[in-house]
Amino acid sequence: MQKTISVVIPCYNEIENVEPIYLAVKQELKASLPQYNYEILFIDNYSTDGTRNKLEELCSKDAKVKAIFNKKNFGQFSSPYYGMMQTSGDCVILMVADFQDPVELIPRFVEEWEKGAQVVCGIKTSSKESGLVYFLRSLYYKSIKKMSTVDQIEHFTGFGLYDKSFIETMRTLKDPLPFLRGIVAEYAPDHVDIAYQQPQRRAGKTHNNWYTLYNAAMLSFTSYTKIGLRAATLLGFVVAAISGIIGLVYLVLKLIYWDRFSAGIAPLSIGVFFFGSIQLIFIGLLGEYVLNINARVINRPLVIEEKRLNFNKNQAATCAEDDNETK
């Protein structure tokens with residue numbers, strides 16, 4: 001019986017890219033991996049630029065193309081994760097719609113998978129994107145790797161192949177804030193890495209901005225590190241000790257030089273503002289942890305679907321192909 005490869009392509013306002021990426025993936029699968037059955041699943045995160053119309057057109061022409069339309073934008077982490085769990089293949093390949101994940105790596109991923117790899121990760125060793133952005137990403141990855149209790153994977157965005165057994169593991173986690181990179185690092189420590197240079201977007205504009213990058217950094221930071229809270233506690237002890245010593249010295253000097261000693265209000269003001277700013281920083285950091293905990297306790301669904309296309313048709317097409325092969 002043929003093995004099935006599921007390709008999941010998350011998209012948001014990618015009207016210029018969804019058809020070209022579909023054609024490129026289809027061509028690569030047919031040319032390099034003709035012995036496999038396949039399905040291509042687009043999960044649309046509430047596009048407003050006509051992407052959905054294009055996906056409906058693709059689904060009407062090709063029964064192997066599936067689509068899920070989200071009822072609203074559920075963020076850059078929940079939507080791809082949810083899409084991966086809706087697949088039926090023996091392995092799942094996750095890639096973006098803008099061609100920054102090279103389609104030609106698909107055969108390499110499958111080759112490593114057939115050798116026994118449960119997860120194959122695409123690792124960006126260089127990038128044609130902004131040099132500053134790549135540099136900042138490198139700093140982030142190295143920092144989170146040093147601080148995390150899990151051996152994080154540098155320059156891994158989620159692009160890669162996942163065996164169906166790992167997809168089952170993902171299903172059992174029931175995490176409303178799934179951070180795929182951390183999950184792979186934690187539950188697939190023996191992953192195989194494939195290096196590549198990240199190309200520029202084929203068309204359109206990136207939907208990442210400083211806020212989304214900050215959101216991603218905070219999710220990984222609060223999910224996989226304890227250093228923020230530990231640092232706040234330790235610094236609190238240190239500042240408290242310094243404050244006590246300064247207060248004691250001030251009291252002694254005041255008692256000895258009652259008439260002549262006067263420190264003025266400047267040192268007191270500086271101290272208040274300094275310690276107040278430290279408190280605000282760590283209250284904000286504590287708030288990030290609380291937000292993370294709150295979202296997990298509420299346990300909202302990853303995605304609410306508005307519509308799904310071709311799921312029954314795809315299954316029927318697969319069954320028909322199996323029947324023809326049997327005959």
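Going by the structure above, here's the rest.
If you're wondering where the values come from, they're calculated on a predicted model, not measured in any experiment.

1. A short note on the packing of aromatic side chains
Next, step 1: Enumeration over the complete set of coordinates arrives at four aromatic pairs.
Next, step 2: For the ring pair Phe 77 and Phe 179, a centre distance of 5.6 Å and an interplane angle of 65 degrees mean the geometry is edge-to-face. Residue Phe 77 is located in helix α3 (residues 75-85), and its partner Phe 179 is located in the loop between α6 (164-173) and α7 (180-187); the two are separated by 102 residues in the primary sequence.
Next, step 3: Judged by centre distance (5.0 Å) and plane angle (65 degrees), the ring pair of Phe 109 and Phe 159 falls under edge-to-face. Of the two residues, Phe 109 is situated in helix α4 (residues 106-114) and Phe 159 in strand β6 (residues 156-163); the sequence distance between them amounts to 50 residues.
Next, step 4: Exposure remark for Phe 109: the relative accessible area of 0% places this residue in the buried category.

2. With respect to a nonpolar patch on the surface
Next, step 1: Taken together, Leu 132, Phe 135, Leu 136 and Leu 139 make up a surface patch of nonpolar side chains, about 360 Å² in accessible area.
Next, step 2: Positionally, Leu 132 belongs in helix α5 (residues 131-147).
Next, step 3: Using a relative accessible area of 52% as the deciding quantity, one classes Leu 132 as exposed.

3. Section: the environment of Thr 169
Next, step 1: Summarising the element assignment, Thr 169 is placed in helix α6.
Next, step 2: Judged by its relative accessible area of 25%, Thr 169 falls in the partly exposed class.
Next, step 3: Linking Thr 169 and Tyr 187, residues 18 residues apart in sequence, is a C-alpha distance of 8.3 Å.

4. Some remarks on unusual backbone geometry
Both trends apply: most residues other than glycine have a negative phi, and most peptide bonds are in trans.
Next, step 1: A positive phi angle, close to 70 degrees, is found at Tyr 46, a residue other than glycine.
Next, step 2: Along the polypeptide, Tyr 46 turns up in the loop between β2 (37-44) and α2 (51-61).
Next, step 3: Of note, the phi angle at Lys 174 is positive, near 50 degrees, even though the residue is not glycine.
Next, step 4: Relative to the assigned elements, Lys 174 resides in the loop between α6 and α7.
Next, step 5: Residue classification places Lys 174 among the exposed positions, given a relative accessible area of 67%.

5. Examining the packing of helix α1 (residues 18-32) against α2
Next, step 1: Across the interface, α1 lies against α2 with an axial gap of 10 Å and an inter-helix angle of 35 degrees. Side by side, α1 and α2 meet where Val 18, Glu 19 and Tyr 22 of the first sit next to Thr 51, Lys 54, Leu 55 and Leu 58 of the second.
Next, step 2: Of the residues belonging to the contact of α1 with α2, the class tally is four nonpolar, one polar and two charged.

6. Focus on the nonpolar core
Next, step 1: Membership of the largest hydrophobic core comes to 37 residues, with the highest contact counts inside it found for Ile 5, Ile 9, Val 25, Phe 42, Ile 106 and Val 110.
Next, step 2: For this core, the element with the most residues is α1, which contributes five residues.
Next, step 3: Core analysis: the next-biggest nonpolar cluster, separate from the first, contains 29 residues, Val 8, Val 92, Leu 94 and Ala 185 among them.

7. Comments concerning the environment of Leu 235
Next, step 1: Along the chain, Leu 235 falls in helix α9 (residues 227-256).
Next, step 2: Distance in space between the C-alpha atoms of Leu 235 and Phe 282 is 9.9 Å, their sequence separation being 47 residues.
Next, step 3: Apart from the residues within four sequence positions on either side, Leu 235 is in contact with Ile 278 and Phe 282.

8. Description of the pattern of salt bridges
Next, step 1: Applying the stated rule across the entire model yields 16 salt bridges.
Next, step 2: Two residues, Lys 164 and Asp 90, come together in a salt bridge whose shortest N-O distance is 3.4 Å. Of this pair, Lys 164 sits in helix α6 while Asp 90 sits in the loop between α3 and β4 (91-94), placing them 74 residues apart in sequence.
Next, step 3: Via salt bridges that share partners, Glu 19, Lys 54, Glu 57 and Lys 61 belong to a single interconnected network.

9. Here's the deal with the environment of Val 65
Next, step 1: Within the secondary structure layout, Val 65 lies in strand β3 (residues 65-70).
Next, step 2: Distance in space between the C-alpha atoms of Val 65 and Tyr 22 is 8.5 Å, their sequence separation being 43 residues.

10. Observations concerning the packing of α3 against α6
Next, step 1: Running from amino to carboxyl end, α3 crosses α6 at an angle of 120 degrees, the nearest separation of the two axes being 9 Å. In terms of orientation, α3 lies oblique with respect to α6. When the axes of α3 and α6 are compared, the crossing they make is left-handed. Across the interface between the two elements, Tyr 81, Met 84 and Met 85 from α3 touch Ile 167, Met 170, Arg 171 and Leu 173 from α6.
Next, step 2: Within the contact of α3 with α6, the residues separate by chemical class into six nonpolar, no polar and one charged.

11. Considerations on α7
Next, step 1: Buried residues dominate α7, accounting for six of its eight residues.
Next, step 2: The complete set of buried residues in α7 reads Leu 180, Arg 181, Gly 182, Ile 183, Val 184 and Ala 185.

Rules of the game
- Residues numbered from 1 in each chain as written.
- Predicted model: local features only at pLDDT ≥ 70, side-chain atom pairs only at ≥ 80, totals over all residues.
- Heavy atoms only, no water.
- Phe/Tyr/Trp six-rings, centres within 6.5 Å; stacked < 30°, edge-to-face > 60°.
- Helix = DSSP H or I, 4+ residues; strand = E, 2+ residues; numbered from the N terminus.
- Buried < 20%, exposed > 50% of the residue type's maximum accessible area, 1.4 Å probe, protein only.
- Patch = residues over 30% accessible without salt bridge, like charges linked within 9 Å, V, L, I, M, F, W, Y side chains within 5 Å.
- Areas by Shrake-Rupley, 256 points an atom, 1.4 Å probe, with all protein chains shown as cover.
- Salt bridge = Lys/Arg side-chain N within 4 Å of Asp/Glu carboxyl O.
- Axes fitted to C-alpha atoms, helices over the stretch in contact; angles between N-to-C directions.
- Contact = heavy atoms within 4.5 Å.
- Nonpolar A, V, L, I, M, F, W, Y, C, P; charged D, E, K, R; others polar.
- Core = buried A, V, L, I, M, F, W, Y, C linked by side-chain atoms within 4.5 Å.
- Parallel < 35°, antiparallel > 145°, perpendicular 65-115°, else oblique.
- Left-handed = near helix turned anticlockwise from the far one by under 90°.

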